[in-house]
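Remarks on the overall topology
As a plain string of letters, each chain reads:
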Amino acid sequence: MELAWRNMFQSLAKNKSANKLARKYGLRFGARRFVSGESIVEAISKVAELNKSGRVVTLDHLGEFVYTKEEANESTSMSLKTLDEIHASGVQSHLSVKMTSLGLDIDKDLCLNNMRKIVSRAKQYGNFVRIDMEDYAHCQITIDIYEELRREFENVGLVIQAYLYRTEEDMKHLNELKANLRLVKGAYKESPDVAFPEKKDVDENYKKIIEMHMLNGNYAAVASHDEKIIQFTKELANKHRIDKDKFEFQMLYGICEDLQNKLVKEGYKVRVYVPYGKDWFGYFMRRLAERPANVWFVLKNLFK
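Residues numbered from 1 in each chain as written. Predicted model: local features only at pLDDT ≥ 70, side-chain atom pairs only at ≥ 80, totals over all residues. Heavy atoms only, no water.

Observations regarding the overall build of the chain
- A count of helices and strands for the chain gives 12 helices and 8 strands.
- Split into buried and exposed, the 304 residues of the chain put 54% on the buried side.
- As presented, the chain carries roughly 14400 Å² of accessible surface, and 50% of it is formed by carbon and sulfur atoms. (Helix = DSSP H or I, 4+ residues; strand = E, 2+ residues; numbered from the N terminus. Buried < 20%, exposed > 50% of the residue type's maximum accessible area, 1.4 Å probe, protein only. Areas by Shrake-Rupley, 256 points an atom, 1.4 Å probe, with all protein chains shown as cover.)

Here it is as structure tokens:
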């Protein structure tokens, strides 16, 4: 049953008609738990609240299903505006971007030029940009563009997914660039030809790449709500005397608030991934696919 739910929500995440319908009716039925709002004003307000509690943030202007140059440029403008608002408000937040929203499926050079604009603006403000990893079909080209940007900029990082077979080799290559990586398990539906189908294998590979990256001395953002993974990271850092300023824990907005605050009290840096924007449906569906508890939360809101 859980697998059926997961597959259904992952399929809905890519459904353009469902996305269009969701945008018409706005953030209802529980989506506000995971999405900070549709406007930058709402998002900055949430960031300020999180900062007051000792947490830092990475903001993401949500965008999927971009098929024209004009849409890609509009999404780029929103990313630039987000950086401007972060700087103007003085909140502590990085920026996260999905390159498909910046024209990756239209033209690689278009996307690369848009990325240069964004990373340059962030550099001007002394800020940092994280490139989200998307599905397997976009994996190699995402890494290729990251490498090009990394030759020009230091303030850009990448996300790497533990559920892919190729990840360990990618990590070895990215170590040569001293890459700042956000390490995740992975949230997309992938074929067993390219990804571990069993959770236990994903978990083991996740631990392996966390250890690889931290022992290489590169900055690690361990993005997980799994307390076993978090404890593993703590013990690894203690065993090898890795300073707390060499890594951070990252979690999603609206999930595991108590755990986030507990880690802050223990002296760890906690960064909350805060999405906003009108194109929120795909992101919301993936959150529902990840945890059955999220589905029950939404169903309770529907009956209310």
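With respect to the pairing of strand 2 (residues 93–97)
- Strand 2 sits mainly inside the fold: 4 of its 5 residues count as buried.
- Summarising the sheet, strand 1 (residues 56–61) and strand 2 pair through 4 bridges and their orientation is parallel. Paired with D60 across the bridge in strand 2 is S96.
- In this region the chain leaves strand 2, passes through helix 5 (residues 108–124) and returns to the parallel neighbour strand 3 (residues 129–131); the handedness of that crossover is right-handed. (Pairing = 2+ DSSP bridges. Right-handed = clockwise from strand over helix to strand, strands pointing away.)

Brief notes about unusual backbone geometry
- Even without glycine at this site, K178 takes up a positive phi of about 55°.
- Within the fold, K178 resides in the loop between helix 7 (167–175) and strand 5 (181–184).
- Phi at R241 takes a positive value of approximately 55°, unusual for a residue other than glycine.
- Along the chain, the position of R241 falls in the loop between helix 9 (227–239) and strand 7 (247–252).

Quick notes on the environment of I106
- Among the structural elements, I106 can be located in the loop between strand 2 and helix 5.
- On a C-alpha basis, the gap between I106 and K69 in space is 7.2 Å, while along the polypeptide they are 37 residues apart.
- Discounting residues that sit within four places of it in the chain, I106 has contacts with V66, Y67, T68, K69 and A72. (Contact = heavy atoms within 4.5 Å.)

A look at the packing of aromatic side chains
- Here the structure, examined in full by the defined rule, presents 4 aromatic pairs.
- Ring centres 4.8 Å apart and planes at 85° place the aromatic pair Y165 and F196 in the edge-to-face group. Here F196 lies in the loop between strand 5 and helix 8 (199–215) and Y165 lies in the loop between strand 4 (156–161) and helix 7, a separation of 31 residues in the sequence.
- Classification of Y165 as partly exposed rests on a relative accessible area of 37%.
- Residue F196 is classed as partly exposed on the basis of its relative accessible area of 24%. (Phe/Tyr/Trp six-rings, centres within 6.5 Å; stacked < 30°, edge-to-face > 60°.)

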